[in-house]
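Geometric and topological summary
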Amino acid sequence: LFEKLANHIVKTDSLNQFYPQALSKIVWAYATARVHHPKLFQKVADAAIQREREFSNSQHVANLLWANAAMGIVDKQLFLSFVPTAAKLINTYNNQGLANIAWAYAVAGVDAPTLFNAHFINKCVAKEDGFE
């Protein structure tokens, strides 16, 4: 089933009809199920990069980046293009989102000082009681 769905999405001309939530949920589902399909991840990454400004929900950003890192699919352009959006949404991340963003960028090996700055650290410190 996963293979059929992935192949169908990969063959689709455009992912413009997919909302940002759908793009992030697709790769999240594949990563959670541990189904490796690099062409699908690349197709979704390309669409997400083109539509990065439409991502206004921190969970969608965190899920998208976490899924790519979790599967070992590191598209540096994807991670770099989402630095401004991830930073802009910093006040809306819950503890899980903060942890996932930090973990994803660390695993991807992408340096993002404009994201992981004093403001990010302060957000983590303010939420430290919620980290387990």
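In the block above lies the structure referred to throughout.
It should be emphasised that the depicted structure is a prediction, and the values quoted were computed from it without experimental measurement. (Residues numbered from 1 in each chain as written. Predicted model: local features only at pLDDT ≥ 70, side-chain atom pairs only at ≥ 80, totals over all residues. Heavy atoms only, no water.)

Digging into the side chain of K43
Note on placement: K43 falls in helix α3 (residues 38-50). At 6.3 Å, D13 is the nearest oppositely charged side chain to K43, a buried residue that forms no salt bridge. Contact partners of K43, with chain neighbours within four places excluded, come to I9, V10, T12, D13 and L15. (Helix = DSSP H or I, 4+ residues; strand = E, 2+ residues; numbered from the N terminus. Buried < 20%, exposed > 50% of the residue type's maximum accessible area, 1.4 Å probe, protein only. Lys, Arg positive; Asp, Glu negative; His and termini not counted. Salt bridge = Lys/Arg side-chain N within 4 Å of Asp/Glu carboxyl O. Contact = heavy atoms within 4.5 Å.)

Some words on the packing of helix α4 (residues 58-70) against helix α7 (residues 95-108)
Direction vectors running N to C along α4 and α7 enclose 40 degrees, while the axes themselves pass 8 Å from each other. When you trace α4 past α7, the crossing you get is left-handed. Contacts from V61, A62, L65, W66, A69 and A70 in α4 reach G97, N100, I101, W103, A104, Y105 and V107 in α7. Here the contact of α4 with α7 is built from residues that sort into 11 nonpolar, two polar and no charged. (Axes fitted to C-alpha atoms, helices over the stretch in contact; angles between N-to-C directions. Left-handed = near helix turned anticlockwise from the far one by under 90°. Nonpolar A, V, L, I, M, F, W, Y, C, P; charged D, E, K, R; others polar.)

Comments concerning the packing of helix α2 (residues 20-32) against α4
Contact geometry of α2 with α4 gives a least axis separation of 8 Å together with a crossing angle of 35 degrees. In the crossing of α2 with α4, the sense of the turn from one axis to the other is left-handed. Together, P20, Q21, L23, S24, V27, W28, A31 and T32 of α2 and H60, N63, L64, W66, A67, N68 and A70 of α4 make up the contact between the two elements. Here the contact of α2 with α4 is composed, by residue class, of nine nonpolar, six polar and no charged.

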